[in-house]
Amino acid sequence: MDTRSRAAHRRWAVAAMAWTMLYVASKVDYAVRERLGVTGGPEVGPASYDTYGPGDVAWAQGSNAGVGLLGIALLAAPLLPVSRRLPRRVLAAPLAAITLLALAGGIGMIARAITSDVGGMLFGAYCLIWAALIAMTTKQVATRTDARRKTSSTSLTKIGDPL
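Predicted model, so just to flag it, every value in this text is computed and none were measured.

The rules behind these values
Residues numbered from 1 in each chain as written. Predicted model: local features only at pLDDT ≥ 70, side-chain atom pairs only at ≥ 80, totals over all residues. Heavy atoms only, no water. Helix = DSSP H or I, 4+ residues; strand = E, 2+ residues; numbered from the N terminus. Buried < 20%, exposed > 50% of the residue type's maximum accessible area, 1.4 Å probe, protein only. Areas by Shrake-Rupley, 256 points an atom, 1.4 Å probe, with all protein chains shown as cover. Axes fitted to C-alpha atoms, helices over the stretch in contact; angles between N-to-C directions. Parallel < 35°, antiparallel > 145°, perpendicular 65-115°, else oblique. Left-handed = near helix turned anticlockwise from the far one by under 90°. Nonpolar A, V, L, I, M, F, W, Y, C, P; charged D, E, K, R; others polar. Contact = heavy atoms within 4.5 Å. Core = buried A, V, L, I, M, F, W, Y, C linked by side-chain atoms within 4.5 Å. Patch = residues over 30% accessible without salt bridge, like charges linked within 9 Å, V, L, I, M, F, W, Y side chains within 5 Å. Salt bridge = Lys/Arg side-chain N within 4 Å of Asp/Glu carboxyl O.

A count of helices and strands for the protein chain gives 5 helices and 0 strands. For the protein chain, the succession of helices and strands along the chain, N to C, is α-α-α-α-α. Every one of the 163 residues in the protein chain was classed for burial, and the buried ones make up 30%. Summed over all atoms, the accessible surface of the protein chain reaches about 9,800 Å², with 67% contributed by carbon and sulfur.

It is worth spelling out the packing of helix H3 (residues 88-115) against helix H4 (residues 121-142) at this point. Interaxial distance between H3 and H4 falls to 7 Å at its minimum, and their mutual angle equals 160°. As far as their axial angle goes, H4 and H3 are roughly antiparallel. Note that H3 runs across H4; the crossing there is left-handed. Across the contact of H3 with H4, the residue classes tally to 23 nonpolar, 6 polar and 1 charged.

This next bit is on the side chain of Thr 99. For Thr 99, the location among the structural elements is in helix H3. Residue contacts for Thr 99: discarding those within four places in its chain leaves Ala 131, Ile 134, Ala 135 and Thr 138.

For the rest of this paragraph, the subject is the environment of Val 118. The topology assignment puts Val 118 in the loop between H3 and H4. For the pair formed by Val 118 and Glu 43, sequence separation is 75 residues and the distance between their alpha carbons is 5.3 Å.

Among the secondary structure elements, Leu 22 is positioned in helix H1 (residues 3-32). On the basis of relative accessible area, Leu 22 is assigned to the partly exposed category, the value being 48%. Between the C-alpha atoms of Leu 22 and Tyr 126, which are 104 residues apart in sequence, the distance is 9.7 Å.

The subject of this paragraph is the nonpolar core. The biggest cluster of nonpolar side chains holds 21 residues, and the ones touching the most others in it are Tyr 23, Leu 75, Phe 123, Tyr 126, Trp 130 and Ile 134. Counting residues per element, the ones that place at least two in this core are H1, helix H2 (56-76), H3 and H4. It is H4 that provides the largest number of residues to this core, a total of 8 residues. Setting aside residues up to four positions removed in sequence, Ile 134 forms contacts with Ala 16, Leu 75, Leu 95, Ile 98 and Thr 99.

A word on a nonpolar patch on the surface. Residues Leu 100, Leu 103 and Ile 107 make up a contiguous nonpolar surface patch of roughly 280 Å² in combined accessible area. In this fold, Leu 103 is placed in helix H3.

Inspection of the entire model under this criterion finds 1 salt bridge. Notably, a salt bridge pairs Asp 29 with Arg 33, separated by 2.7 Å at the nearest N-O pair. Here Asp 29 falls in the partly exposed class, since its relative accessible area comes to 32%. On the basis of relative accessibility, which here comes to 42%, the residue Arg 33 falls in the partly exposed class.

See the structure below:
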């Protein structure tokens, strides 16, 4: 991977990680305040709290923050030197899955906000931007060139191997 494509890959991944941190921060804030929902998301009615026991809302929101941190770890993985030893699809597949989840969440949230009065348009838009950032990171991972393979094929050519 040349320096420019590596820098582009880093930019998309870092932007996606920073955007994901906004979700994590929202979930931590909601956990501390023992509130259901997410910043900019649909309104959560009082009846939604009925199924939770003492401290369960904070636990649930803390768990959601943990899922966000896992997403950040997956976004950071392609930036690690060891990732060059892994097949592209091993890194791209989970990122593609996260992209689809964020896209579906964004579309669903916006559709719900348009068709009802519960709100959530802001978080829907957030999810669409999130999906785009993760998609660009996924694209960078899926189209990267493996420097080791490139070097070995170049050296084989140099010694006259027909491959």
